[in-house]
Amino acid sequence: MPLPRLRSAVAVVAGVAVLLAACRSAPEQPAAPAPVRPAWRAVELPVPAGPAGRLLLRDATRCADRWYAVGGVVDPAGQTRPAAWSSSDGVSWSALPMRAQTFYGRQHVLYAVACRDGGMAALGAKTGGVHGNPRTGTWVWRPGGPVREVPAAFELFGGPRAVSAARLAAGPGGWLISGARVDGAAVWTSPDADGFTLHAGVSELAGDGRGRTAAHDATALGVGWVVVGSLLPPGGTARTPLAWSSADGRTWSRVTLPASAGSGGTAERVVSRDGVPVVVGTVRDGFTVWGASAGASEGWRRLGGFGAAGPGVLSVDGLAAARGRLVAVTGDGADRRLWISADGGVSWRPVIAPAAVPDRGDAALAVAAGDAGLVVVTDDGKSSRAWWAALSGVDE
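Before going into details, it helps to say that this report is about the structure given with it. (Residues numbered from 1 in each chain as written. Predicted model: local features only at pLDDT ≥ 70, side-chain atom pairs only at ≥ 80, totals over all residues. Heavy atoms only, no water.)

## Focus: the overall build of the chain
From N to C terminus, the chain includes two helices and 29 strands. The buried share of the chain, taken over its 396 residues, is 49%. Partitioning the contacts of the chain with sequence separation of at least 6, the portion at a separation of at least 24 is 48%. (Helix = DSSP H or I, 4+ residues; strand = E, 2+ residues; numbered from the N terminus. Buried < 20%, exposed > 50% of the residue type's maximum accessible area, 1.4 Å probe, protein only. Contact = heavy atoms within 4.5 Å.)

## Here we look at the state of the cysteines
On inspection of all chains with the given rule, the structure shows one disulfide. In this model Cys63 forms its disulfide with Cys115; the gap between the sulfur atoms is 2.0 Å. Of this pair, Cys63 sits in strand β2 (residues 54-63) while Cys115 is found in strand β7 (residues 109-116), placing the two residues 52 residues apart along the sequence. As far as the burial class goes, Cys63 and Cys115 line up, both buried. (Disulfide = S-S within 2.5 Å.)

## Comments concerning the sheet that holds strand β26 (residues 349-351)
The strand order across the open sheet formed by four strands is β23-β24-β25-β26, and the pairing between neighbours is antiparallel. The sheet terminates laterally at β23 (315-322) and β26, the two strands that pair on one side only. For this sheet the average axis-to-axis angle between neighbouring strands, irrespective of direction, equals 30 degrees. Of the pairings in the sheet, the one linking β23 to strand β24 (residues 325-331) comprises seven bridges and is antiparallel in character. Counted as the bridge partner of Ala322 is Arg325 from β24. (Pairing = 2+ DSSP bridges. Axes fitted to C-alpha atoms, helices over the stretch in contact; angles between N-to-C directions.)

## Describing the nonpolar core
Proteins that are soluble and globular tend to have nonpolar side chains buried together. Grouped together as the largest cluster of nonpolar side chains are 19 residues, with contacts concentrated most on Trp40, Leu338, Val367, Leu374 and Val376. Elements supplying a minimum of two residues to this core: β23, β24, β25 (336-341), β27 (364-369), β28 (373-379) and β29 (384-390). The leading source of residues in this core is β27, at three residues. For Leu338, the contacting residues outside a window of four places in its chain are Trp40, Val327, Ala328, Val329, Arg349, Pro350, Val351, Ala353, Pro354, Leu365, Val367 and Val376. Leu55, Leu57, Ala366 and Ala386 belong to the second largest nonpolar core, which has 18 residues in total. (Core = buried A, V, L, I, M, F, W, Y, C linked by side-chain atoms within 4.5 Å.)

## Thoughts on the environment of Leu242
By the secondary structure assignment, Leu242 is in strand β17 (residues 240-246). Along the backbone, Leu242 and Ser230 are twelve residues apart, and their C-alpha atoms lie at a distance of 5.0 Å. Setting aside residues up to four positions removed in sequence, Leu242 forms contacts with Thr213, Val227, Val228, Gly229, Ser230, Leu231, Arg254, Val255, Thr256, Leu257 and Ala267.

## Focus: unusual backbone geometry
Note: most peptide bonds trans; most residues except glycine with negative phi. Of note, the phi angle at Glu204 is positive, near 75 degrees, even though the residue is not glycine. At Asp274, a position not held by glycine, the phi torsion is positive, near 55 degrees.

## Observations concerning the sheet that holds strand β16 (residues 224-232)
Ordered in space as β15-β16-β17-β18, the four strands form an open sheet in which the pairing is antiparallel. Among the strands making up the open sheet, the edge pair consists of β15 (212-221) and β18 (253-256). The mean inter-strand angle of the sheet, taken between neighbouring strand axes irrespective of direction, is 25 degrees. Relative to β17, β16 runs antiparallel, the two being bridged by seven bridges. Bridging across to β17, Ser230 finds its partner in Pro241.

Don't take any of this as a statement about function, it's just geometry.
Below you can see the structure in the form of structure tokens.
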């Protein structure tokens, strides 16, 4: 063989050998978990009495063997009004009568809902006023009556110190709203949802020399509460995930949730699973899960993680628990997605959603879980739908 050809052959053989060695030495990547494909069934939520329009579905929940969904109706001119629905089985729904009492209340879209003891309460808002800020208020429902707006002083949720009223939780100790004011994380409490008391500037809950805090979600734990959120250190850009616990909603203790050095993170949703709080949040490269192994004030540990960084800001938009399972709603800057865990948050599988939902402000994807199945509400910015799927076999 001529020398040039011999050299070429040797080079080829050497290259193949290097590639084979690299293949043998590279660690095997774990196979991506197979997606769960529930048998989704579209269910009808009737348009409430009033002017014609399309539904705006924003949140759903379940307790005491009853399902609730909340949102609003928007007419062809863009005018909105609040709306709520209930169901005993997640399949057949009826619209609840609404009783607004203020100018902005008549235009609210309800965006967060919680329930207990056969009653339901919701948060609603409508952008308005000179500065175009959300005009936020609360609504309450008890069996046999309408969903009633609860009038409140403007600065209870608004005013120059307002930042957010994010989520609503209910439990044996009453009702609690989590959010933030200009001095950091804040909560509002009520024994009956007929009027809330603001707790702002509270030691450990609010911001201080360690940084600025914000509260994003809450859940009842016995007669007390667990709130989750984040801290932004002075001059920093990476947030730190936090959890707070309280027996009465007035005095709080703070815990920093474990995260990898330099990864930052935000604790965004929390739910009680078999009496133990489980938190899902965002970190630099995806989503992470924490659990409290020895009560809500100590013993927090990272349970697992899932997903990956997307083209935009990551978010956790929902979290529900039922029959040992956890179901999460996430956003990655492009789409909103569903995930399910059957082992307490250690491992997760993607769930094929009943409809594609973009990750943007005029769209929504929310989930509620019960012993028998899941209710999902979707809004892609053009139309809203509600869906039902049985839980049996959903994660097998």
